[in-house]
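An overview of the molecular structure
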Amino acid sequence: MKHKKTTVNLLSMKQRPDESIRAFVSRFNKESLGIKDLDEATAHMTMSNGLIDMDLIKDLAQKPTKNMAKLLERCNEFVNMAEVLQARKMTESKLEKKRSVTDDRKDEKRTRTDSRAKRSDRARSPEYTPLNTSRKEILMQIQDDGYIRRPRPMQAGSFRNPNKYCLFHKDTDHNTEDCYQLKREIEELIKVGHLKQYINIKGGREDRGS
Ligand SMILES: [Zn+2]
């Protein structure tokens, strides 16, 4: 580092036209981590002003956030909601196609589609930050802190394994440790600067001088 970074460095930060909200938030967080004595109010204002997604700006204008943590939470919610809507759209168009198929062997087909969806889920986010604690444990420790969002409920009607229970969904079907939504939620929170204490730093030793 050439010289110490200060809050002033943050002031010029703006989401780029080709940059996703998530990428901007993560870039902003990275930059802010390097700043000692970060003026939180300024950081909060700068990040609010740096966002360029009109829907998110409108959303924030209607219900302004009071601090950085709240702003990160809202961005996270917004991005996730957009993804959920996108995923739902895709599922719906898939369902449309399936409906035209005759009803016999329906269940078999659904099971196969489900496992295919799971596989593509995995393919979409193969790189999770290594953790030093089980996800179940993390969930239990942070679930009352308010910043972890509840998962969307599981699809009604699909086959559920009654022998497995997910603490995140509070429902049967899979174990907490295998829950993709929980994996993604934890990953999101890490990306926006939460849960640092659960990140497994390489070699397991924590000796970054600060
Ligand atoms: Zn789950």
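Note: the structure precedes this text.
Quantities reported herein were computed from a predicted structural model and do not represent experimental measurements.

About the cut-offs
- Residues numbered from 1 in each chain as written.
- Predicted model: local features only at pLDDT ≥ 70, side-chain atom pairs only at ≥ 80, totals over all residues.
- Heavy atoms only, no water.
- Helix = DSSP H or I, 4+ residues; strand = E, 2+ residues; numbered from the N terminus.
- Buried < 20%, exposed > 50% of the residue type's maximum accessible area, 1.4 Å probe, protein only.
- Contact = heavy atoms within 4.5 Å.
- Areas by Shrake-Rupley, 256 points an atom, 1.4 Å probe, with all protein chains shown as cover.
- Core = buried A, V, L, I, M, F, W, Y, C linked by side-chain atoms within 4.5 Å.
- Arc of directions from axis to C-beta.
- Phe/Tyr/Trp six-rings, centres within 6.5 Å; stacked < 30°, edge-to-face > 60°.
- Lys NZ or Arg CZ within 6 Å of the ring centre and 35° of its normal.
- Donors = N, O, S within 2.8 Å, 3.2 Å for Na, K, Ca; no water.
- Tetrahedral: all angles 85-135°; square planar, octahedral: opposite > 155°, others 65-115°.
- Polar contact = N/O pair within 3.5 Å; in protein donor to acceptor, adjacent residues only side chain to side chain.

**A word on the overall build of the chain**
For the chain, the helix and strand inventory stands at 8 helices and 2 strands. Listing each helix as α and each strand as β along the chain from the N terminus yields α-α-α-α-α-α-α-β-β-α. Counting across all 210 residues of the chain, residues that qualify as buried make up 32%. Taking all contacts inside the chain whose residues are at least 6 apart in sequence as the whole, residues at least 24 apart take part in 59%. Summing over all exposed atoms, the chain offers an accessible surface of approximately 14,400 Å²; the carbon and sulfur share of this is 52%.

**A closer look at the nonpolar core**
Within the largest apolar cluster, 19 residues are counted, with the highest numbers of intra-cluster contacts made by Ile 21, Val 25, Phe 28, Met 47, Leu 51, Leu 56 and Cys 75. Those elements that place two or more of their residues in this core are helix H2 (21-33), helix H3 (40-50), helix H4 (54-62) and helix H5 (68-99). Looking at this core element by element, the count peaks at 6 residues for H5. Each residue touching Phe 28, except ones within four places of it in the same chain, is listed here: Leu 10, Met 13, Ala 43, Thr 46, Met 47 and Met 68.

**Topic: helix H7 (residues 135-142)**
Each turn of an α-helix holds 3.6 residues, which means side chains three or four residues apart point in the same direction. Listed in full, the buried residues belonging to H7 are Arg 135, Ile 138, Leu 139 and Ile 142. For H7, the arc enclosing every buried residue in end-on projection is 100°, short of the 170-degree limit, so these residues lie on one face. Tucked inside the fold, the buried residues of H7 contact helix H8 (180-191).

**Regarding the packing of aromatic side chains**
Applying the stated criterion across every chain, the model contains 1 aromatic pair. Its guanidinium or amino end placed over the ring of Tyr 128, Arg 135 lies 5.5 Å from that ring's centre, counting from NZ or CZ.

**Looking at the coordination of the zinc ion**
Coordination of the zinc ion by the protein is provided by Cys 166 (SG), His 169 (ND1), His 174 (NE2) and Cys 179 (SG), with metal-donor distances spanning 2.0 to 2.3 Å. Relative to the metal, the 4 donor atoms surrounding the zinc ion lie at angles of 103 to 115°, and the coordination shape comes out tetrahedral. Read in sequence order, the donor residues coordinating the zinc ion give the pattern C-x2-H-x4-H-x4-C. Residue Cys 166 is found in strand S1 (residues 165-166), and its partner Cys 179 is found in the loop between strand S2 (171-172) and H8; the two are separated by 13 residues along the sequence. Judged by relative accessible area, Cys 179 falls into the buried class, the value being 1%.

**Considering the side chain of His 174**
Relative to the assigned elements, His 174 resides in the loop between S2 and H8. A distance of 3.3 Å separates a polar atom in the side chain of His 174 from a polar atom in the side chain of His 169. Within the structure, His 174 has its side chain in polar contact with the side chain of Asp 173 (distance 3.0 Å). Aside from chain neighbours lying at most four places away, what touches His 174 is Met 154, Lys 164, Tyr 165, Cys 166, His 169 and Cys 179.

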